[in-house]
Amino acid sequence: MPRIVREAEIDWEGTTARGSGVVRAASTGSFELSATIASRIEVVEGKTSPEELLAAAHATCFVTSLGSELARMGTPPERMHVRCTITMDEVEGNGHRIVASAISARGVAPGADAASFSTAAEAADAGCPFSALIRASATVTVDATLV
Amino acid sequence: MADRTAHVTWSGALMEGAGTITSVGSGAFGPLDVTWASRAEDSNGRTSPEELIAAAHAACFSMALSHGLAQGGTPPEKLDVDATVTFVPGTGITKSVLTVRAVVPGIDEPAFLHAAQAAKESCPVSQALASVPEITLEASLA
């Protein structure tokens, strides 16, 4: 398979505490966002943070894996809805660390039942490259509901 | 503790269907369209998980570096950071390349390279990506 490369860039002005940055999707131009340390660890005030971008990445990665598993089982989804919550916490002696990613998935998949949907969600978690990565430092949980 | 949330919906099968990052907790972005083709082939202006990871890594590294430089008594004027993430379907995420060009009054090159390396090692996203086979850094003073 070909290697797929995606690029993003940020320009940061000033110090972490008082400065701010602009994050751009360099590969596609599909977003341009401002970020500050306050938006990362305190109140968001409409600004994004690395953890929010990771939440978006994990939710998107998981939804494509889940759709693929459901199709493989002969019950392709009509619609899926995935929410991901990433938690960063202070770990003693180790500063801030990403400690958890919680996935909540709801899907409409004609022909699937609760058990097969749950099996598909487990397989999606096992197959999603992002779930595999994040487990290096964090706990990944999946809550799946057939609607 | 800080929680950050994102919401995605997808309609249809993987290859023919399409998804949307409908919203994120901060409201800073969304909706953004995603498809399998935009992830694995030409992006056609659509984002992907790997592009979002690249954005997260670049943002995290720039914060860690500006913090480290300020703590060392040489706060940066400006940091330009690129992150390039490589995804191999069937294998996973194999690489993240960080590039930084910085304006840092009063610093010499060895001290800057030391701060950049420390930021790469310590930033929470680098830690979360610890199982990526290759995370590299190219750092230079402008």
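Residues numbered from 1 in each chain as written. Chains lettered and ligands numbered in written order. Predicted model: local features only at pLDDT ≥ 70, side-chain atom pairs only at ≥ 80, totals over all residues.

Details of the overall build of chain B
Then, in step 1: When helices and strands are tallied, chain B shows 4 helices and 6 strands.
Then, in step 2: Reading the helices (α) and strands (β) of chain B from amino to carboxyl end gives β-β-β-α-α-β-β-α-α-β.
Then, in step 3: By principal-axis analysis of the C-alpha atoms, chain B measures approximately 55 × 30 × 25 Å.
Then, in step 4: Out of the 142 residues belonging to chain B, those deemed buried represent 52%.
Then, in step 5: A sequence separation of at least 24 residues applies to 47% of the contacts in chain B between residues at least 6 apart. (Helix = DSSP H or I, 4+ residues; strand = E, 2+ residues; numbered from the N terminus. Buried ≥ 20, exposed ≤ 12 C-beta atoms within 10 Å, placed from the backbone. Contact = placed C-beta atoms within 7 Å.)

Section: helix 3 (residues 109-122) of chain B
Residue and element names in this part refer to chain B.
Then, in step 1: Between its first and last C-alpha atoms helix 3 spans 20 Å; for 14 residues at 1.5 Å apiece the expected length is 20 Å, and the two agree.
Then, in step 2: Listed as buried for helix 3 are Phe-112, Ala-115, Ala-116, Ala-119 and Lys-120. Along the long axis of helix 3, the arc covered by the buried residues comes to 135°, so they all point the same way. (Expected span 1.5 Å × (residues − 1). Arc of directions from axis to C-beta.)

So, the pairing of strand 5 (residues 95-108) of chain A
One face of the sheet, then the other: side chains in a regular strand alternate in exactly this way.
Residues and elements named next belong to chain A.
Then, in step 1: The pairing of strand 4 (residues 79-91) with strand 5 spans 13 bridges and is classified as antiparallel. Bridge assignment links Val-82 to a residue of strand 5, and that residue is Ala-105.
Then, in step 2: Taken together, strand 4 and the strand that follows it, strand 5, pair antiparallel across an intervening segment of 3 residues, in which Gly-93 is found at a positive phi of about 75°.
Then, in step 3: With 8 bridges connecting them, strand 5 and strand 6 (residues 139-146) associate as parallel partners. (Pairing = 2+ DSSP bridges.)

What to know about the interface of chain A and chain B
How big an interface is tends to be expressed through the accessible area that disappears when the partners come together.
Then, in step 1: On the side of chain B, 72 residues touch chain A, which itself brings 76 residues to the contact.
Then, in step 2: Elements that contribute at least two residues to the side of chain A that touches chain B include exactly strand 1 (4-13), strand 2 (20-25), strand 3 (32-35), helix 1 (37-41), helix 2 (50-72), strand 4, strand 5 and helix 4 (129-134) of chain A.
Then, in step 3: It is helix 2 of chain A that contributes the most residues to the side of chain A that touches chain B, 16 residues altogether.
Then, in step 4: Within the side of chain A that touches chain B, the residues separate by chemical class into 39 nonpolar, 22 polar and 15 charged. (Nonpolar A, V, L, I, M, F, W, Y, C, P; charged D, E, K, R; others polar.)

Section: the packing of helix 2 of chain A against helix 2 (residues 49-71) of chain B
Then, in step 1: At their nearest, the axes of helix 2 of chain A and helix 2 of chain B sit 8 Å apart, and the two run at 165° to each other. Looking at the two axes, helix 2 of chain A sits roughly antiparallel to helix 2 of chain B. Once helix 2 of chain A is placed against helix 2 of chain B, the crossing between them reads as left-handed. Between helix 2 of chain A and helix 2 of chain B, the contacting residues are A:Pro50, A:Leu53, A:Leu54, A:Ala56, A:Ala57, A:Thr60 and A:Cys61 on the first element and B:Pro49, B:Leu52, B:Ile53, B:Ala55, B:Ala56, B:Ala59 and B:Cys60 on the second.
Then, in step 2: Tallied by class, the residues present in the contact of helix 2 of chain A with helix 2 of chain B amount to 13 nonpolar, 1 polar and no charged. (Axes fitted to C-alpha atoms, helices over the stretch in contact; angles between N-to-C directions. Parallel < 35°, antiparallel > 145°, perpendicular 65-115°, else oblique. Left-handed = near helix turned anticlockwise from the far one by under 90°.)

Some thoughts on the sheet that holds strand 1 (residues 2-11) of chain B
Two orientations exist for strands paired in a sheet by backbone hydrogen bonds: parallel and antiparallel.
Then, in step 1: Strand order across the open sheet formed by 6 strands is 6(A)-5(A)-4(A)-1(B)-2(B)-3(B), with mixed pairing between neighbours. Edge positions in the open sheet fall to strand 6 of chain A together with strand 3 (32-34) of chain B, since each of these has one partner strand only. If you compare each strand with its neighbour and ignore which way they point, the axes differ by 20° on average.

Things to note about the nonpolar core
In a soluble, globular protein the nonpolar side chains are often hidden away together inside.
Then, in step 1: Ranked by size, the top nonpolar core spans 84 residues in total, and within it A:Phe62, B:Ala55, B:Ala56, B:Ala58 and B:Ala59 carry the most contacts.
Then, in step 2: When residues in this core are grouped by element, the largest group, 13 residues, is from helix 2 of chain B.
Then, in step 3: Leave out the neighbours within four places in its chain, and B:Ala56 touches A:Pro50, A:Leu53, A:Leu54, A:Ala57 and B:Val125. (Core = buried A, V, L, I, M, F, W, Y, C linked by C-beta atoms within 7 Å.)

Things to note about the confidence of the model for chain B
Residues and elements named next belong to chain B.
Then, in step 1: With 99% of its residues at a pLDDT of 70 or more, chain B has an overall mean of 91.
Then, in step 2: The least confident element of chain B, judged by mean pLDDT, is helix 1 (residues 36-40) at 85; the most confident is helix 3 at 97.
Then, in step 3: Confidence metrics for the complex model read pTM 0.87 and ipTM 0.85. (pLDDT = per-residue confidence, 0-100.)

A word on the pairing of strand 4 of chain A
Then, in step 1: Note that strand 4 of chain A and strand 1 of chain B share 10 bridges and pair antiparallel. Of the residues in strand 1 of chain B, the one forming a bridge with A:Thr87 is B:Asp3.

What about the domain arrangement of chain A?
Then, in step 1: Domain boundaries in chain A define domain 1 (8-41) and domain 2 (50-146).
Then, in step 2: Computed from C-alpha atoms alone, the centre-to-centre distance between domain 1 of chain A and domain 2 of chain A is 26 Å. (Domains from an automatic or database assignment.)

Topic: the environment of B:Arg101
Residue and element names in this part refer to chain B.
Then, in step 1: Note on placement: Arg-101 falls in strand 5 (residues 92-103).
Then, in step 2: Considering only alpha carbons, one finds Arg-101 and Ala-139, 38 residues apart in sequence, at a separation of 6.1 Å.
Then, in step 3: Beyond its immediate chain neighbours, meaning those up to four positions away, Arg-101 contacts Asp-80, Ser-140 and Ala-142.

What about the packing of helix 2 of chain B against helix 3 of chain B?
Residue and element names in this part refer to chain B.
Then, in step 1: Between helix 2 and helix 3, the shortest axis-to-axis distance is 8 Å and the interhelical angle comes to 135°. Taken together, the axis directions place helix 2 and helix 3 in an arrangement best described as oblique. Note on packing geometry: the crossing formed by helix 2 with helix 3 is right-handed. In this structure, helix 2 uses Phe-61, Ala-64, Leu-65, Gly-68 and Leu-69 to contact helix 3, whose residues at the interface are Ala-115, Ala-116, Ala-118, Ala-119, Lys-120 and Ser-122.

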